[in-house]
Amino acid sequence: MSWTAILLLAAGAYAAKFAGLVIGPRLTILKRLDPWLALLPAAMLAALVTVQTLDGAKLLTIDARAAGVAAGSVAALKRVPFVGVIFVAAVVAALVRNY
Amino acid sequence: MVPDELLGGDSVRGSRVPHYARDCVVLGLAVGVFGIAFGVLAAESGLSGAKACVMSLLVFTGASQFAAVSVVGSGGSAVTAVASALLLGARNGIYGLAMAGRLRSRGVRRGIAAQLVIDESTAMAVAQGDPADSEGAFWWAGVSVFVAWNIGTLIGAVAGNAIADPSALGLDAAFPAGFISLMMPQLRQRSTLIAAGLGASFAAVAIPLTQPGIPILLAAVAALVALALVRRRP
């Protein structure tokens, strides 16, 4: 990858972030979209979780990773704190994968 | 250059360290292992250490960086690499929209904040029950992940593949589970639960059908559908 490609990627990645955080709020239309904005993080993060859990090169895949996430979700439902949840998920995924 | 927000404006119980700090630091450490993996993959794909490190500093969005170096490593063109990476990075723009109302910083500081708008900082910000904590949690998570990601990249690029395979440690499962944990307080509200359910469903349907990046962007549409459903039957 050339320096030019890396710098173009950096510029594009920053432009996306900057457009959302800095330019977006100046658009008056956005003030009407408050209820939509309020639902955005939950929808986006749920989609992210789905992709991180099930995506296997364009296939839905259920494997050790999904087992770990399932165990972590149960912990989260039982109100285990954040650090405990990621620990449970990692341990279960590692155990299922390696044994 | 340390923003005041990092010092946690309100000193809780006489402490200067806010209550979410530990979560942010742990999150950073986990990201650091992925940073090492990125440094190793970048080296294997033929990138110099300098290029890998500059990429982590300036691009700073993990999924995009992994995508770019994998495309190059498997013989794809630089144009394909940049395009697929940008598609994955586009979601940060939507996070930015959602975060805009929660961040008070202006000027240069807002420009710095923009670089830190990623999955982890957004999730940590929206996880805070007290909206006043959102901004501090954003900076803590963003700075913690930034530092760890860049140190990890440097270690991976220099030390090579002698170390740290994130999936052997189960860390590939730790991230989605961690995000679920951070979302949990919001999911007690019916409207956000519907939005999350639709976002996840749209993504699951889109994974086999679309380019990587699209399944997450579709969540913006899912949120709109959720809004319509909630309004119809309040």
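Draft legend 1. Structural detail: the nonpolar core. Ranked by internal contacts, the top residues of the largest apolar core, which has 117 residues, are A43, A47 and A89 of chain A together with M124 and A219 of chain B. Here this core spans two domains, and each of domain 1 (4-169) and domain 2 (189-234) of chain B adds at least three residues to it. In contact with A43 of chain A, not counting residues within four places along its chain, are A195, A196, L198, G199, A219, A222, A223 and A226 of chain B.

Draft legend 2. Seen up close, helix α9 (residues 171-183) of chain B. With 13 residues, α9 of chain B should reach 18 Å at 1.5 Å per residue; the first-to-last C-alpha distance of 18 Å fits that figure. Most of α9 of chain B sits out of view: 13 of its 13 residues are buried.

Draft legend 3. Spatial organisation of the interface of chain B and chain A. Between chain B and chain A, the residue contacts involve 82 residues of the former and 59 residues of the latter. Top contributing element to the side of chain B that touches chain A by residue count: α9 of chain B, with 13 residues. Along the lines of polarity and charge, the residues of the side of chain B that touches chain A split into 58 nonpolar, 17 polar and 7 charged.

Draft legend 4. Representation of the packing of helix α1 (residues 3-23) of chain A against helix α5 (residues 91-100) of chain B within the structure. Between α1 of chain A and α5 of chain B, the shortest axis-to-axis distance is 6 Å and the interhelical angle comes to 25°. Taken as axis vectors, α1 of chain A and α5 of chain B run roughly parallel relative to one another. Every pair of crossing elements has a handedness; the one defined by α1 of chain A and α5 of chain B is right-handed. Here α1 of chain A contributes A16, K17, A19, G20 and L21 of chain A to the contact with α5 of chain B, which in turn contributes N92, G93, I94, Y95, G96, L97, M99 and A100 of chain B. Taken together, the residues of the contact of α1 of chain A with α5 of chain B sort by class into 8 nonpolar, 4 polar and 1 charged.

Draft legend 5. Geometry of unusual backbone geometry. Unusually for a residue other than glycine, R79 of chain A sits at a positive phi of about 65°. Relative to the assigned elements, R79 of chain A resides in the loop between α3 (64-77) and α4 (82-98). A tally of 11 C-beta atoms within 10 Å means that R79 of chain A is categorised as exposed. Backbone geometry at F60 of chain B places phi at a positive 40°, although glycine is not the residue there. Looking at the secondary structure, you find F60 of chain B in the loop between α2 (49-58) and α3 (62-73).

Rules behind the numbers
Residues numbered from 1 in each chain as written. Chains lettered and ligands numbered in written order. Predicted model: local features only at pLDDT ≥ 70, side-chain atom pairs only at ≥ 80, totals over all residues. Core = buried A, V, L, I, M, F, W, Y, C linked by C-beta atoms within 7 Å. Buried ≥ 20, exposed ≤ 12 C-beta atoms within 10 Å, placed from the backbone. Domains from an automatic or database assignment. Contact = placed C-beta atoms within 7 Å. Helix = DSSP H or I, 4+ residues; strand = E, 2+ residues; numbered from the N terminus. Expected span 1.5 Å × (residues − 1). Nonpolar A, V, L, I, M, F, W, Y, C, P; charged D, E, K, R; others polar. Axes fitted to C-alpha atoms, helices over the stretch in contact; angles between N-to-C directions. Parallel < 35°, antiparallel > 145°, perpendicular 65-115°, else oblique. Left-handed = near helix turned anticlockwise from the far one by under 90°.

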